[in-house]
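Examining the three-dimensional arrangement
The residues making up each chain are set out below.
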Amino acid sequence: MPGMLDKVLIGTASAAGVGVVAWQTKFPWIKYDIQLIKLGQRLNKMRQEVLNSFLIDKFESQADKQPKKAMLIFEDSVYTYEFIELQSNRVANAVRCLGLGFGDTVAMMIHNEPAFVWTFLGLQKLGISVAFINFNLRAKLLVHSILASDPKAIFIGPGFDLLHAVSDVLDDIQGLPIYIQGCTGHEVPLGMNDFGYLMGQSLPVRTDRSVRKDMTMESILCYIYTSGTTGLPKPALISQGKGCLAAIALQTVNLSAEDVVYTCLPLYHSSGSGIGLWGVIERGATMILVKKFSAKHFWPDCRKHGATIIQYIGEILRYVLAHPPNELDGVHNVRAAIGNGLRKDIFMAVQERFKIPFICEIFGATEGVTITVNIANKPGAIGRLSPLLSKIDPVPKALVKFDYATAQPIRDKNGHCIKVKIGEPGLFLSKIPDEMRQAKETYKVYKTSQEASEKKLVRNAFADGDLYFNFGDVFYLDKDYFLYFHDRIGDTFRWKGENVSTTEVANILSLLPFISDANVYGVQVPGHDGRAGMAAITLKEGDKITEAQLKQLYRLCEDDLASYARPLFLRILSQSVLTSTFKQLKIDLVQEGYDLTKVTDPLYYRNSSAQTYSTLTAQVLPTFLQSRL
């Protein structure tokens, strides 16, 4: 008996047979729905298949099936499936001797390099959950992120920057065992352990799958951190099942075992690991792994190693586009690009200049329950939300009216959310499937308190008893039901492909003795995706800040904030912001931004060459905005 999707396709085909021209004239957008319906059918079939085995089982099967095939290409070196398997076996056997095993959690902070992959896989062989720590974090934020996952140990990758970052917080991480790679015996600091030595002493033989016999699809695969309204990074729960489903996201561009995926996105993010690495493992493909993004080397690397699919965030392709044109720009094997944040103003320019046949724009969230996909090559769109798709969608989605001040949906007289009209900005919600809710009595988004999880949930959205996930993003629909990003509300904004928590940054700035209050928000910058950080500061005494204080503020941001979270602009307010009007006043501040014609308060910009915040003037502003912020 045909399913719902089959019925829709049969009905559509019948309608087309009656009168194709009339049908397409009346519903010109329906051809895009049919594309997504067919994709949905294929993904749904794959969904059932991938949930039959765990990610680590898939990797071991690939290593057995094609041991000599390249799994990773990193800095001109080729790492085969067999080599990664042997290294991950060494990790598993070494970790097992440390007394760690199934059900335990460890924190892992490693750069984009092969060590990340074999350490993660080795831990998975034992059924150990892994907390992916952002390697940009320092000081208090690093301590918080490590402890938030409640780990039994910390594994640090090669790199003295990582070693120093952890060394600086040794007294604050509660005596957790620390295991480091990439150091020789005499370089290992007191209080740490040489994991590279332990790996060298362990056998590269595979641990029997019985050690993880109690693993289920509900077991925690890893924790991936995200910024939220509470102001601190929160570990989002990624189950084994969710990891398996993330691995088929690359099927939106028809990934096969013959493909070579270029990834310069951080592996501690869900895009780099969930979509990229896990997708490569699922298909048995090859990944070109880049330690750090470089616009100069982006296309030469793709050409050199035969990339067929590239992963991106919009900011990356904007930088690549800004690089001087080259006669080889369109010479490559790339057949598709997949990512998010490629805005309409450069979509066509990227596609035409670099001759990319297919750009697949997606939208999702690490802790979310769904993604949207634009497979129509529609510039700027992030997916579709048509009446037909909404009718058959197993995970219903909606754009609803909301209050900018509270970042929450507005309710009607019956207490339900109100859907917006075409062209009207609406808060994006997605229903949490019943089977996910039945797995646990209380649906949990984060490992942290249930209060943090509740802030992402909308109960009784359209019917009593239903449960929806609040993405915190604002979209709008055009007349053809294509979905477009409009804004991000609440206490986070996005910059350099990272979520920045305004409360988190404000708490750091407020540590300085001369600051009474710090109101942090994101402002738009021409030619850049997302929003750049800006802080409106109230001083404890007067409204004039000294040169010494500006330098002190700059140094604090350098030491305690990740590079993407450091405010680019400062505004010195003459009076404190009242708590009761904090949200409303922030909206006014965002609208005024750093506009010198609207702001009468002193304005400053982050001057990295002088290592301070310098006065912002009409003469300085154009040059600053044109620099690589």
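Look a little higher up for the structure.
It should be emphasised that the depicted structure is a prediction, and the values quoted were computed from it without experimental measurement.

Moving on, we come to helix H17 (residues 502-509). Burial runs high along H17: six of the eight residues are buried. The set of residues buried in H17 consists of Thr502, Glu504, Val505, Ala506, Ile508 and Leu509.

This next bit is on the sheet that holds strand S29 (residues 603-607). One open sheet holds the five strands; their spatial order is S26-S27-S28-S29-S30, and the pairing between them is mixed. Each edge of the open sheet carries a strand with a single partner, namely strand S26 (515-523) and strand S30 (612-615). Within the sheet, the average angular offset between the axes of one strand and its neighbour, ignoring direction, is 30 degrees. When S26 meets strand S27 (residues 532-539), the two strands line up antiparallel, connected through eight bridges. Residue pairing in the sheet places valine 523 in a bridge with alanine 532 of S27. Strands in contact with H17 are S26 and S27; relative to S26, the strand with the most contacts, it is inclined by about 150 degrees. Running over the sheet, helix H18 (residues 547-560) touches S26, S27, strand S28 (569-573), S29 and S30 and is turned about 130 degrees from S30.

So, on to the packing of helix H4 (residues 81-97) against helix H5 (residues 114-125). Where H4 contacts H5, the two axes come as close as 7 Å, and the packing angle between them is 55 degrees. The angle between the axes of H4 and H5 places the two elements in the oblique class. Read as a crossing pair, H4 and H5 show a hand that is right-handed. Mapping the contact onto sequence places Phe83, Ile84, Glu85, Gln87, Ser88, Asn89, Val91, Ala92 and Val95 in H4 and Val117, Trp118, Thr119, Leu121, Gly122, Leu123 and Lys125 in H5.

Between two packed helices, what matters for the description is the angle formed by their axes and the separation of those axes. It is at 9 Å that the axes of helix H3 (residues 55-65) and H5 come closest, and there the two elements cross at 110 degrees. In terms of orientation, H3 and H5 fall into the roughly perpendicular class. Of the two elements, H3 crosses H5, and the hand of that crossing is left-handed. Every residue of H5 that contacts H3 at Leu55, Ile56, Phe59 and Glu60 is listed here: Phe120, Leu121, Gln124 and Lys125.

Quick notes on the rules
Residues numbered from 1 in each chain as written. Predicted model: local features only at pLDDT ≥ 70, side-chain atom pairs only at ≥ 80, totals over all residues. Heavy atoms only, no water. Buried < 20%, exposed > 50% of the residue type's maximum accessible area, 1.4 Å probe, protein only. Helix = DSSP H or I, 4+ residues; strand = E, 2+ residues; numbered from the N terminus. Pairing = 2+ DSSP bridges. Axes fitted to C-alpha atoms, helices over the stretch in contact; angles between N-to-C directions. Contact = heavy atoms within 4.5 Å. Parallel < 35°, antiparallel > 145°, perpendicular 65-115°, else oblique. Left-handed = near helix turned anticlockwise from the far one by under 90°.

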